[in-house]
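Here are the chains, one letter per residue:
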Amino acid sequence: MGSLSLKNIHKSFGDVEVLKGIDLEVEDGEFVIFVGPSGCGKSTLLRIIAGLENESSGIIEIDGEVMNAQPPTKRGISMVFQTYALYPHLTVRDNMSLGLKQTKRPAEEIKSQVALASSMLALDEYLDRRPAELSGGQRQRVAIGRAIVRKPELFLFDEPLSNLDAALRVNTRLEIARLHRQLSATMIYVTHDQVEAMTLADRIVVLHDGMVEQIGTPMELYNSPANKFVAGFIGSPQMNFIPAQVLSDDKATTIGIRPEHIILTQEDGDVSGTVSHIERLGGDTNVYLDCGEAGLISTRLFGEHDYEVDSKLSAKFDPDRVYRFDQNGDTITA
Amino acid sequence: MTTSQPTSQSISNPMLSSNTARAIAAHAILITYTIIALFPVVVIVINSFKSRNAIFRSPLSPPNSETFSLIGYETVIKQGDFLLYFQNSLTVTIISLTMVLFFGAMAAFALAEYRFKLNLLTGLYLALGIMIPIRLGTVAILQMMVASGLVNTLTALILVYTAQGLPLAIFILSEFMQGISDDLKNAGRIDGLSEYRIFLRLVLPLVRPAMATVAVFTMIPIWNDLWFPLILAPAEEVKTVTLGAQVFIGQFVTNWNAVLASLSLAIVPVLILYLIFSKQLIKGITSGAVK
């Protein structure tokens, strides 16, 4: 129970085509994250899965059943929204139980479901408060609780953490990971934050311009990106891209190297330049090297390092970690 | 610390005084406006408790033991069927108001929530009534009421007032409903609420302040109207309060005590309704935002 299958999903708003044929298979119990820059169609895709938006063409199957014509409530899904979308005039308890009351479940069951969800999310003492009396993190937990109570086949999260501050975001992220383990439910999660995607997902779907760029586990995307877009999107700081002719490589158009796979040295390296800026983060040090034709190269060194701005340095690339891309941006494998 | 304190005080002092000056100016303007607005009402009310001679001798002085008289109220209660007039006015106002709010909110929800082909045109058509006074159509309305046999019924008044109130109600409410987050309505859809339930249980409670505003704006002109009762329902058994008060204004003799007393009485119900709505208004504002 809880598998999802999308076949050739298209969506247009007027003349604008936002989804250009999405195919995806999600297995029961998987945590799949849609990631991509804003405007790539990831939220639209989630809304189509939820039934809040109609697809222009394509087939949606949840648990092996075609769901195209079903209203959201019959699809066996729950959704957590970015804006929480709690009913402001209802208490936390009523917010969580409204869906069950609507399907006329027995009062006993509603009570036990709400109790279960609220103890899971540590909401017991807030059950009689209204959303306005809660903090942002608490409201998001209520929204998650409302989703749990319905016992859905499929959880949908629409950028649930982007309205929270940094500390709370990490906490809620851990909480969601714990819930996924506890409930072993299928979860689909949309975010533009690649850190969230890397830390939570079993598999990541990278979307760009309404198309799937690559689907894979976080480490597959990190270690073998299918193309330049995925290589640039996954990993922070971003992968360095250098025109291939600068490095006199005539087989590729662009060379990619991640900041953490570069060694800085006083001796000869692959490229050399002057230090333009240093960011000291304690655990890491980011050094930006202005390398003329090769552009600005960012390097990420482990630990604390001291370099003078404007001093001359060379960058040595880890040869096993260099990526080559052809003129279409696809990765050259060999 | 000790050296910085005097400086900070010398900085904050002029700011404080300019704030006070601003507050005084704002209050002066508001108080002046309140006095101007309340003056006629107060004059009506105090004079309704005075004898006829006292009204003309010193119209601005409050009633004292010599000039105090309830003759106006006695006349009103004895003469004419004022209880019936009140009942008529209340019936017409409350039913029209309910219909304006209910149908207005429904139309506004449809305009705000659903994207259909003639959405914009329909919205403009419905808002047109704000710009065109309904009284321009009086002759046609009268003909229509005669043809449908509704002359001298409260139904005629209710229909006209509903039509009169709808445009503004739709206009204001649809603006407010567009402001309600889509996520909230979508959350309702996922929870299995029907579109009617989303309208009644999610959207209506959230636009309550706007509903209260619309209610006040709609109610007062209906209650105070003299035009349509005079034309469409002048018969004794369907007279409204404002029309009923005209009984005491004659071509040659006007019973001022009775006129003032009936006007004073006419203020009471509308004041009560206003208090109810304004309480809703404040409740709505303080009940907390969506986020």
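The model shown is predicted, which means the values in this text are computed figures rather than measured ones.

The rules we used
- Residues numbered from 1 in each chain as written.
- Chains lettered and ligands numbered in written order.
- Predicted model: local features only at pLDDT ≥ 70, side-chain atom pairs only at ≥ 80, totals over all residues.
- Helix = DSSP H or I, 4+ residues; strand = E, 2+ residues; numbered from the N terminus.
- Rg over C-alpha atoms; globule rule 2.2 N^0.38 Å.
- Buried ≥ 20, exposed ≤ 12 C-beta atoms within 10 Å, placed from the backbone.
- Contact = placed C-beta atoms within 7 Å.
- Domains from an automatic or database assignment.
- Nonpolar A, V, L, I, M, F, W, Y, C, P; charged D, E, K, R; others polar.
- Pairing = 2+ DSSP bridges.
- Axes fitted to C-alpha atoms, helices over the stretch in contact; angles between N-to-C directions.
- Core = buried A, V, L, I, M, F, W, Y, C linked by C-beta atoms within 7 Å.
- Left-handed = near helix turned anticlockwise from the far one by under 90°.
- Parallel < 35°, antiparallel > 145°, perpendicular 65-115°, else oblique.
- Right-handed = clockwise from strand over helix to strand, strands pointing away.

### Focus: the overall build of chain B
Then, number 1: Helix and strand counts for chain B stand at 13 helices and zero strands.
Then, number 2: Its helices and strands in sequence order give chain B the pattern α-α-α-α-α-α-α-α-α-α-α-α-α, from N to C terminus.
Then, number 3: For 291 residues, the compact-globule formula gives about 19 Å, and the C-alpha radius of gyration of chain B, at 25 Å, lies well above that figure.
Then, number 4: For chain B, the C-alpha atoms occupy an extent of roughly 75 × 70 × 30 Å along the three principal directions.
Then, number 5: Per-residue burial for chain B yields a buried fraction of 30% across its 291 residues.
Then, number 6: Counting contacts in chain B only where the partners sit at least 6 residues apart, residues at least 24 apart contribute 76% of the total.

### Details of the overall build of chain A
Then, number 1: Within chain A, the secondary structure is distributed over eight helices and 18 strands.
Then, number 2: If you line up chain A on its principal axes, its C-alpha atoms span 75 × 45 × 35 Å.
Then, number 3: Residues counted as buried form 40% of the 334 residues belonging to chain A.
Then, number 4: A sequence separation of at least 24 residues applies to 63% of the contacts in chain A between residues at least 6 apart.

### Notes on the domain arrangement of chain A
Then, number 1: If you check the domain split of chain A, you get domain 1 (4-230) and domain 2 (237-325).
Then, number 2: The C-alpha-based centres of domain 1 of chain A and domain 2 of chain A are spaced at 38 Å.

### Some points on the interface of chain B and chain A
By a widely used convention, the size of an interface equals the accessible area lost when the partners come together.
Then, number 1: Counting residues at the interface gives 18 residues for chain B, matched by 20 residues for chain A.
Then, number 2: The set of elements that each furnish at least two residues to the side of chain B that touches chain A consists of α8 (182-190) and α9 (195-206) of chain B.
Then, number 3: Residue composition of the side of chain B that touches chain A, grouped by class: nine nonpolar, five polar and four charged.

### Focus: the sheet that holds strand β9 (residues 203-208) of chain A
All names here are of chain A.
Then, number 1: Pairing within the open sheet is mixed, and its six strands lie in the order β6-β7-β8-β3-β9-β10. Both outer strands of the open sheet, β6 (77-80) and β10 (211-216), are each paired with one neighbouring strand and no more. On average, each strand axis in the sheet is inclined to that of its neighbour by 15°, with strand direction left out of account.
Then, number 2: One ladder, built from four bridges, connects strand β3 (residues 31-35) with β9; its direction is parallel. Looking at β9, one finds that V35 is bridged to V206.
Then, number 3: Most of the contacts of helix α4 (residues 136-149) go to β6, to which it runs at about 180°, and overall it touches β6 and β7 (154-158).

### Considerations on the domain arrangement of chain B
All names here are of chain B.
Then, number 1: If you check the domain split of chain B, you get domain 1 (4-57) and domain 2 (82-286).
Then, number 2: Each side of the interface is counted separately: domain 1 has seven residues, and domain 2 has seven residues.
Then, number 3: In terms of residue count, the dominant contributor to the side of domain 1 that touches domain 2 is helix α1 (residues 4-48) (five residues).
Then, number 4: When the residues that make up the side of domain 1 that touches domain 2 are grouped by side-chain class, the tally is four nonpolar, two polar and one charged.

### Let's talk about the nonpolar core
Then, number 1: Membership of the largest hydrophobic core comes to 128 residues, with the highest contact counts inside it found for I33(A), I49(A), A143(A), L156(A), I188(A), L157(B) and L173(B).
Then, number 2: It is helix α7 (residues 154-178) of chain B that contributes the most residues to this core, 12 residues altogether.
Then, number 3: In this view, L173(B) contacts G104(B), A105(B), A108(B), V207(B), A210(B) and V214(B); residues no more than four positions away in its chain are not counted.
Then, number 4: In this structure, Y85(B), A245(B), L260(B) and L263(B) belong to the second largest nonpolar core, which totals 12 residues.

### With respect to the sheet that holds strand β18 (residues 323-325) of chain A
Residues and elements named next belong to chain A.
Then, number 1: Read across the sheet, three strands follow the order β11-β12-β18 without closing on themselves; strand pairing throughout is antiparallel. With one partner strand each, in any of the chains shown, β11 (240-243) and β18 form the two edges of the open sheet. The sheet shows a mean angle of 30° between the axes of neighbouring strands, taken without regard to direction.
Then, number 2: Taken together, the four bridges between β11 and strand β12 (residues 254-257) define a ladder with antiparallel strand orientation. For I242, the partnering residue across the bridge sits in β12 and is I255.

### Things to note about the pairing of β9(A)
Residues and elements named next belong to chain A.
Then, number 1: Looking at chain direction, β9 and β10 are connected through five bridges and run antiparallel. If you follow I204 over to β10, its bridge partner there is G216.
Then, number 2: Between β9 and the antiparallel strand that follows it, β10, lie two residues; D209 among them carries a positive phi value of about 55°.

### Describing the packing of helix α4 (residues 82-113) of chain B against helix α10 (residues 208-224) of chain B
All names here are of chain B.
Then, number 1: Packing of α4 against α10 brings their axes to within 10 Å, and their N-to-C directions diverge by 145°. α4 and α10 meet at a crossing whose hand is right-handed. Only M211, V214, A215, T218, M219, I222 and W223 of α10 make contact with α4, whose side of the interface consists of S89, V92, T93, S96, L97, V100, L101, G104 and A105.
Then, number 2: A breakdown of the residues in the contact of α4 with α10 according to their chemical character gives 11 nonpolar, five polar and no charged.

### Brief notes about the packing of helix α2 (residues 92-102) of chain A against α4(A)
Packed helix pairs are characterised by how far apart their axes lie and by the angle those axes make with each other.
All names here are of chain A.
Then, number 1: For the pair α2 and α4, interaxial distance at closest approach is 8 Å and the crossing angle is 30°. Considering the angle they form, α2 stands roughly parallel to α4. Taken as a pair, α2 and α4 cross one another with a handedness that is right-handed. Contacts between α2 and α4 involve V92, N95, M96, S97, G99 and L100 from the former and V142, G145, R146 and V149 from the latter.

### Thoughts on the pairing of β7(A)
All names here are of chain A.
Then, number 1: Within β7, five of the five residues are buried, which leaves the element mostly enclosed by the surrounding structure.
Then, number 2: With burial as the criterion, each face of β7 is covered, one bearing L154, L156 and D158 and the other bearing F155 and F157.
Then, number 3: Inspection of the sheet shows β6 paired to β7 by four bridges, in the parallel sense. In the strand pairing of β7, I77 is matched with L154.
Then, number 4: Handedness of the crossover joining β7 and strand β8 (residues 186-191) through helix α5 (residues 166-183) is recorded here as right-handed.

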